[in-house]
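# Analysis of the macromolecular model
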Amino acid sequence: MIETPSYADALRILGCKDGRLAKVIGFAAAAERSGWALAGAGQLVLGLADMRASVMRFGEDVAGRMRELRSGVGRHTRTQRLAAAHAVIVVSAYFEALGEAKLPFTLDKLDRTDQISHGVPTRERFARLMAELLLQRLPTPEPHLPYAETRQAVERAYLRMSEAMAGYVGGLPVWDELTVDDQLLLPRMLSEGPPAHALRIYDEDYRSLALDSHEFGVRSLVTERPQPATALSRVAWLLAELAPPRVGDRPVIHLARMAANLLDQPLLLAGKLPEDVYLPLLGEGYLTPLCRVAELTREAAPAQREWWEGRRLLPDTEAFLVGHLTSLRATQAPLLVLGEPGSGKTKLTEVLAARLARSEFLPIRVDLQGVAARASVTEQIEQAIGAMLDEHVEYAELVAAADGALPVILLDGFDELVQGGVNRYDYLAQVQEFQRQEAGQGRPAAVIVTSRTVVAERMRFPDGLLALQLQPFEDDQVRQWLEIWDQANRALLARRDLKPLPAEAALAHGEMARQPLLLLLLALYDAGGNALQRGAAEPLKRSRLYEVLLRDFTERETGGARRVLIDQELVMLGTVALSMLARGRQVITDEALNRDLPALCHGGEDDPEEHARVDWARKATERFFFVRRNGHAFLHSTFGEFLVAWLTMYALRDLDRRRRLAGDEPLALVQSVDDDLLYAVTSHSCLAERGPTVGFILELLEEVPAAVRARCVEQLTGLLRRSLHERGRRHFTGFRPVRHTMTRRLAAYSANLTLLIVAASGEPVAVSSLLPGPGHLERWASFTHLWKGQLGEEGWTGLLTALSARRVVEDGEEDVVLGVTETSGMGDAVVAVATGHSPHHRRLLDLLLRALGEGRALPFRERVAILEELLRTAAVRSPAMHRAIGAMWAEDGADHAALRPLLRAMLADPADRMATWEQLVKAGVPETVLWDIHEGVTEPTDPPAAPR
């Protein structure tokens, strides 16, 4: 929850000249802090009727001063004053309604006594009442909530006030003067009369406040569907309504605002753009996305698509953004923007920064790919400022020079921090702490963080965190964008007897046309020869679109090069992507490219002086697929992920080609298969580190004939069996983006071979067929131990997700089947086999799974003992263990005290604590319990149940 103002806060923020009103509130606050008896009330002479008059008078004063309160102050101060004004109208409406309510007494009658009733002085009761009415935090309008929900929250506040009034009257002498019927009916009268009337008054006062203050008017617009617009143009209009454009900024602020304005740049700010098409400018080609919105609690699951299906759809994203940035929440917690790859997260930050640049905000975009991943939030911001201004400027100095403009920090690409192998699980909490510290120093700041949706499961959500999920284009949005493309390119395409891409041809490709980036790529591909309009019957897959786009562009740029030359171009681009993957970064330098490209593309065997004369970095990155970010980055990260998959498939085809060329020659049968290229490509990182890469490989394999796939499976299986054995001299040894140990490279190679075998098989694969002979599970356990120990958190976690598996027992023989569809992730069995050292431990896990999953009767204490043995002797940390403890914790009458030592043991290892914590919470163990265990709280928060 965010901190909203109480009525007492409103008096402090707006300035109250009524000394008696301030005195009563001050006494109530002091009594609440120090105790009613110690606060003293000898000078307290104001009664309830006088309080009503004072509250209403102050409300009228605030309404008359709204123009004065809104002018001559900074953005954040105005936000605070508007929230305070809203708190005033909430309380004023209730006091007005209370005085007009039909009750069996008047407010004056309540004030005509100073006796002690029921052992408590009347003044102390009055102070308690004032604390309930005036010191509690009050609801405030927010842009993601319809007015009806704000009104319901206000109604709940009124009901609470009426309940406090009923308690106050029940302790006064006047209570004894009421008839029995009036005593029985009084709570109902107070709960039905004043709240209903106060709501009607509040409705009128809120409308007046919205007319006087555009901020409240903007929030009411969020529920209305606007007319189609481009480039957040309504954001600029709405901001201009709030305050005129700023002029006369200091030079450093002027430079910062100029750097943020990218609206006159092409929609793709890349290297060498295609010459036969015109890319619309960002200011004319960016469409405002539709969004779903939700406040994220610790139980939220925003990484899952189905979780978002029931969340509120915002009709007006632009009004929401303006409303959010002018709300209290903006400076108390970051706004998290989630979306699929290519959904327009980065473009949203660019366009929003441009629109904020001429307003009372100071936008600062931080490309998280281009700053130190392990740096603090402040250091990352200052690194971005340095790159933007080309000089070092401290963040505090920049804010001071902004002269009251509210900083809006746009942290773009949180997923790149996480997927780069850096543990930033608490990053959002660190951002919120940054906001808290800055606000404490008088420099409040709003923060927006973008990330891929899938990475949301690897974040901790701080209190008050609001999230947007960018939605795919609707049909009308696809048509609107293609109309913009049509206007920009009709004349250019007509010179080549071509036509712009019509909406129907694009929509035939389903989801491909609904992501902004992919829609642009479809249009670019079709512009080469109207291939989409001439029409494939089936929709393009993303991998096919990327490949034909890359080939088509290369062919046009090179004047119709032969296929082999185009393949060389793709190999070079794939090497760039592979070098990035190996380094865990999405940006690569010229120096690294000039070292890596010749080592892999030419094997490093040629004359080094010849390579030195070639500018490999320029040769590889001059295409429009790259952008400059303190180095080189792909236009979108999915280009890199596709190219790694394509290069892997190229190496696999090369392996098959070499084996076929050898044929049945006698010596070929006894020689090792030449897997040097495949080893060079797949031995630096696990392909599953980037989830989309595995998806691209699966799509590319679908185009490979079944006979070829079968040969590849046979060869890969042989390579897997020998993958950990010593090999003689290899080629491509100069390609070493990172100097990994041999153990790490063998782990990556063997894991990737396994992934490729399962992907190429197209059906489940038994471990006994991969590793035939006795002891196949022990050998499999050796592989999985190696992978878990060497691949790092990113590689191991990705492997768990990509390599689905299930343990089976047939005719008394144990086996593991890979590639099963009904199991998600590598799963319980494979992890258990990897960590269990004997069949005894695996049988214990079987017993536990049967007892829990099939409902077999097994006493609670015995199940706890099984879990304890698995933890103590086999150190099992599988998802089955998490689900087992979660299920047992939730059982009726569960002995929580018996489970706590197991939870403590599971959280003991700092390396696995984060992942274990997440799994336990998802399994149903309350996070408060885990916090108690983590902080060493020994006393259980709930009593143990009787043993079962």
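Source: prediction; values computed, not measured.

## Regarding unusual backbone geometry
You will see that Asp 403, though not glycine, has its phi angle at about 55°, which is positive. Along the polypeptide, Asp 403 turns up in the loop between helix H20 (395–401) and strand S7 (406–412). On the basis of relative accessibility, which here comes to 58%, the residue Asp 403 falls in the exposed class. Even without glycine at this site, Asn 530 takes up a positive phi of about 60°.

## Overview of the sheet that holds strand S3 (residues 291–295)
Strand pairing in a sheet takes place through backbone hydrogen bonds and is either antiparallel or parallel in direction. The seven strands lie next to each other as S4-S3-S9-S5-S8-S7-S6, forming an open sheet whose pairing is mixed. Each edge of the open sheet is held by one strand with a lone partner, namely strand S4 (312–314) and strand S6 (361–367). Shown here is a sheet whose adjacent strand axes are inclined to one another by a mean of 25°, direction ignored. Bridging between strand S5 (residues 335–339) and strand S8 (residues 446–452) involves five bridges; their strand directions are parallel. When the sheet's bridge partners are listed, Gly 339 is paired in S8 with Arg 452. Relative to S6, helix H19 (residues 377–389) is tilted by about 95°, and along the sheet it contacts S6 and S7.

## A look at the sheet that holds strand S13 (residues 805–810)
On the basis of which strands lie adjacent, the open sheet formed by three strands has the order S12-S14-S13 and antiparallel pairing. Two strands bound the open sheet, and with one partner strand each, they are strand S12 (765–766) and S13. Strand direction decides the pairing type here: S13 and strand S14 (residues 813–818), joined by six bridges, are antiparallel. Along S14, the bridge assignment pairs Ala 805 with Leu 818.

## A closer look at the packing of helix H23 (residues 475–494) against helix H25 (residues 516–527)
Two packed helices can be described by the angle between their axes and the distance between those axes. Two elements in contact, H23 and H25, have axes whose closest approach is 11 Å; the angle formed by their N-to-C orientations is 30°. By the angle between their axes, H23 is roughly parallel relative to H25. Relative to H25, H23 is oriented so that their crossing is right-handed. Residues Val 478, Trp 481, Leu 482, Trp 485 and Leu 493 of H23 touch H25, and the partners they reach there are Leu 519, Leu 520, Ala 523, Leu 524 and Ala 527. Here the contact of H23 with H25 is composed, by residue class, of ten nonpolar, no polar and no charged.

## Details of the environment of Gln 152
Checked against the element boundaries, Gln 152 lands in helix H9 (residues 147–169). You can call Gln 152 partly exposed: its relative accessible area is 43%. Along the chain, Gln 152 and Leu 199 lie 47 residues apart, while their C-alpha atoms are 9.4 Å from each other.

## Comments concerning the pattern of salt bridges
On inspection of all chains with the given rule, the structure shows 39 salt bridges. Across the pair Arg 160 and Glu 132 runs a salt bridge whose closest N-O atoms are separated by 3.8 Å. Here the residue Arg 160 occupies a position in helix H9, and Glu 132 occupies one in helix H8 (residues 122–134), the gap between them amounting to 28 residues. The residue Asp 596 makes a salt bridge to Arg 595 at a minimum N-O spacing of 3.9 Å. Taken together, the shared-partner salt bridges connect Arg 75, Arg 78, Glu 215 and Glu 360 into one network.

## Here's the deal with the packing of aromatic side chains
For any two aromatic rings, the description comes down to two numbers: the centre-to-centre distance and the angle of the planes. Enumeration according to the criterion identifies 21 aromatic pairs in this entry. Their ring planes at 80° and their centres at 5.5 Å tell us that Phe 642 and Phe 696 sit as a pair that is edge-to-face. Taken together, the residues Phe 642 in helix H32 (residues 637–662) and Phe 696 in helix H35 (residues 691–702) connect sequence positions 54 residues apart. With a relative accessible area of 1%, Phe 642 lands in the buried category. Judged by its relative accessible area of 4%, Phe 696 falls in the buried class. An aromatic cluster of three or more residues is present, and its members are Tyr 147, Tyr 202, Tyr 206 and Phe 216. Lying over the aromatic face of Trp 616, Lys 619 brings its terminal NZ or CZ to 5.1 Å of the ring centre. Directly above the aromatic system of Trp 646 lies the positively charged group of Arg 653, at a separation of 5.7 Å from the ring centroid.

## Quick notes on the side chain of Asp 412
The residue Asp 412 is located in strand S7 in this model. Relative accessible area serves as the criterion here: at 4%, Asp 412 is assigned to the buried category. Those residues in contact with Asp 412, other than ones at most four positions away along the chain, are Lys 345, Thr 346, Thr 349, Arg 365, Val 366, Asp 367, Leu 368 and Thr 450.

## Focus on the confidence of the model for the protein
Residues with a pLDDT of 70 or more make up 86% of the protein, whose mean pLDDT is 84. The model gives residues 823–830 a pLDDT under 50, and that stretch makes 30 contacts with residues more than four places away or in other chains. Scored below 50 in pLDDT, residues 939–948 makes 19 contacts in the model with residues more than four places away or belonging to other chains.

## So, the side chain of Arg 355
Mapped onto the elements of the fold, Arg 355 is located in helix H18 (residues 345–356). A polar side-chain atom of Arg 355 sits 2.7 Å from the main-chain carbonyl oxygen of Ala 231. Setting aside its immediate chain neighbours within four residues, Arg 355 contacts Thr 230, Ala 231, Leu 232, Ser 233, Val 235, Ala 236, Leu 239 and Leu 263.

## Some words on a nonpolar patch on the surface
On the surface, a cluster of nonpolar side chains totalling about 310 Å² of accessible area is made up of Val 180, Leu 184 and Leu 185. Take Leu 184: it is sitting in helix H11 (residues 180–212). Look at Leu 184 and you get exposed, because its relative accessible area is 64%.

## Re the packing of helix H13 (residues 233–242) against H18
Where H13 contacts H18, the two axes come as close as 9 Å, and the packing angle between them is 30°. The angle between H13 and H18 places the two elements in the roughly parallel class. Every pair of crossing elements has a handedness; the one defined by H13 and H18 is right-handed. Contacts from Ser 233, Val 235, Ala 236 and Leu 239 in H13 reach Leu 352, Arg 355 and Leu 356 in H18. For the contact of H13 with H18, the residue count by class is five nonpolar, one polar and one charged.

Cut-offs and rules
Residues numbered from 1 in each chain as written. Predicted model: local features only at pLDDT ≥ 70, side-chain atom pairs only at ≥ 80, totals over all residues. Heavy atoms only, no water. Helix = DSSP H or I, 4+ residues; strand = E, 2+ residues; numbered from the N terminus. Buried < 20%, exposed > 50% of the residue type's maximum accessible area, 1.4 Å probe, protein only. Pairing = 2+ DSSP bridges. Axes fitted to C-alpha atoms, helices over the stretch in contact; angles between N-to-C directions. Contact = heavy atoms within 4.5 Å. Parallel < 35°, antiparallel > 145°, perpendicular 65-115°, else oblique. Left-handed = near helix turned anticlockwise from the far one by under 90°. Nonpolar A, V, L, I, M, F, W, Y, C, P; charged D, E, K, R; others polar. Salt bridge = Lys/Arg side-chain N within 4 Å of Asp/Glu carboxyl O. Phe/Tyr/Trp six-rings, centres within 6.5 Å; stacked < 30°, edge-to-face > 60°. Lys NZ or Arg CZ within 6 Å of the ring centre and 35° of its normal. pLDDT = per-residue confidence, 0-100. Polar contact = N/O pair within 3.5 Å; in protein donor to acceptor, adjacent residues only side chain to side chain. Patch = residues over 30% accessible without salt bridge, like charges linked within 9 Å, V, L, I, M, F, W, Y side chains within 5 Å. Areas by Shrake-Rupley, 256 points an atom, 1.4 Å probe, with all protein chains shown as cover.

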